[in-house]
Amino acid sequence: MTRIIKSPRGMQRWSLEPNRQIGFVCTMGALHEGHLSLIREARRQCKDVVVSILVNPLQFGPNEDYGAYPRTFEADYEACEQIGVDIIFAPEVSQIYPKDFQTRVIGSDLNRLYCGVTRPVFFNGVLTVVNILYNIVQPQKGFWGEKDFQQMHLVRQMAKDFFWPAEIIGMPIIREENGLAMSSRNNYLTNAQKEEAACLFRGILAAQEAFKTGERNSKALIEVAQKQITLEIDYLALVSAKTLMPIEGQVTEPTRLLLAAYIGQAPRVRLIDNGSLSA
Ligand code: AMP
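Along its sequence, the protein chain is carved into domain 1 (3-171) and domain 2 (184-274). Using C-alpha coordinates to define each centre, domain 1 is positioned 25 Å away from domain 2. Each side of the interface is counted separately: domain 1 has 21 residues, and domain 2 has 20 residues. Taken together, the two surfaces of domain 1 and domain 2 that pack against each other cover about 1700 Å², and 57% of this comes from carbon and sulfur. Put simply, domain 1 and domain 2 have two salt bridges between them. Taken together, domain 1 and domain 2 are joined by twelve residue pairs in polar contact (both at pLDDT 80 or more).

The following block contains the structure:
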């Protein structure tokens with residue numbers, strides 16, 4: 001039976017019991033197959049599995065969807081119970097950020113690129129909450145989706161820089177049948193919009209195909225993807241898979257195509273996706 005713990009200190013006490021071997025998945029809830037793939041892998045690899053559910057206000061800008069973000073705790077509980085999660089850690093926002101809360105993780109220059117351009121507080125908010133959650137849960141292994149490639153990269157960097165004992169494990173992107181990357185924000189989309197949004201994946205596939213048939217020019221590869229995308233593009237970037245720095249000119253190393261685009265008016269939904277362009 002999955003147990004719910006709300007108190008941070010209570011969670012930490014459980015985590016510090018002898019012989020824990022904790023696999024941890026951080027989420028904002030509204031769980032879908034993408035999240036569940038991480039949780040199943042944690043279940044497969046670790047003796048103890050903790051899933052956190054917290055819609056983190058620190059990572060939302062003032063005009064973003066903090067209030068509207070889907071909250072589906074009962075269904076999330078059911079899904080976790082079916083997989084055999086030991087603990088759902090579901091603190092109140094006020095327990096994580098009490099009135100006298102002060103300290104934030106700033107992150108690196110990379111915070112201001114790609115998703116950080118239109119979402120300037122996003123990565124600071126993510127890194128801060130992840131640092132808090134990892135201190136509470138004390139996992140041996142943390143499972144992260146490649147869907148949020150820049151986020152995963154920054155978390156890895158933080159884990160390294162701060163000498164976390166936890167290993168950070170990346171997991172592949174889970175997609176709908178039409179190729180749309182699963183996301184809690186897909187809940188905002190109509191069926192017609194979900195169909196249209198699949199053009200993001202077609203853009204990635206087209207760039208991968210061009211790469212396979214020999215195209216190595218960075219600008220040309222981006223243009224191939226762009227041609228498939230009928231949404232309003234926020235950014236499309238070809239970056240080093242290792243450093244996430246932009247690749248100019250010829251591609252000579254493992255590369256990732258990163259993108260974000262907007263769909264709809266009310267609400268205007270921002271979707272992200274990415275794919276590997278390695279040989
Ligand atoms: P979120 O609840 O959106 O903060 O996501 C929690 C975790 O699930 C993050 O590590 C995400 O990268 C991961 N995740 C979200 N969507 C997907 C997906 N479609 N495939 C794989 N992992 C995902």
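So, next bit.
A few words on the nonpolar core. Formed by 45 residues in total, the largest nonpolar core has its most connected members in Met-11, Val-50, Phe-89, Val-130 and Tyr-134. If you list the elements that add at least two residues to this core, you get helix H1 (8-15), strand S2 (22-27), strand S4 (87-89), helix H6 (122-137), helix H7 (149-161), strand S7 (232-240) and strand S8 (255-263). When residues of this core are sorted by domain, at least three fall in each of domain 1 (3-171) and domain 2 (184-274). Aside from chain neighbours lying at most four places away, what touches Val-130 is Trp-144, Val-155, Met-158 and Trp-164. In terms of nonpolar packing, the next biggest core, distinct from the first, is built from 25 residues, Cys-199, Ile-222, Ala-261 and Val-269 among them.

The subject of this paragraph is the packing of helix H9 (residues 199-212) against helix H10 (residues 218-228). One way to put it is that H9 packs onto H10 with a least axis distance of 7 Å and a crossing angle of 145 degrees. Pair H9 / H10 crosses with right-handed handedness. Contacts between H9 and H10 pair Cys-199, Arg-202, Gly-203, Ala-206, Ala-207, Ala-210 and Phe-211 from the former with Leu-221, Val-224, Ala-225 and Gln-228 from the latter. For the contact of H9 with H10, the per-class residue count stands at eight nonpolar, two polar and one charged.

Among the 15 residues in the neighbourhood of the ligand, the closest are listed as Met-28, His-35, Asp-148, Ile-174 and Met-182. One of the backbone nitrogen or oxygen atoms of Gly-145 is found 3.0 Å away from an oxygen atom of the ligand. Alone, the ligand offers 490 Å² of accessible surface; in the complex the protein occludes 93% of this.

Calculation criteria
Residues numbered from 1 in each chain as written. Predicted model: local features only at pLDDT ≥ 70, side-chain atom pairs only at ≥ 80, totals over all residues. Heavy atoms only, no water. Domains from an automatic or database assignment. Contact = heavy atoms within 4.5 Å. Buried area = accessible area lost by both parts, 1.4 Å probe. Salt bridge = Lys/Arg side-chain N within 4 Å of Asp/Glu carboxyl O. Polar contact = N/O pair within 3.5 Å; in protein donor to acceptor, adjacent residues only side chain to side chain. Core = buried A, V, L, I, M, F, W, Y, C linked by side-chain atoms within 4.5 Å. Buried < 20%, exposed > 50% of the residue type's maximum accessible area, 1.4 Å probe, protein only. Helix = DSSP H or I, 4+ residues; strand = E, 2+ residues; numbered from the N terminus. Axes fitted to C-alpha atoms, helices over the stretch in contact; angles between N-to-C directions. Left-handed = near helix turned anticlockwise from the far one by under 90°. Nonpolar A, V, L, I, M, F, W, Y, C, P; charged D, E, K, R; others polar. Near = heavy atom within 4 Å. Areas by Shrake-Rupley, 256 points an atom, 1.4 Å probe, with all protein chains shown as cover.

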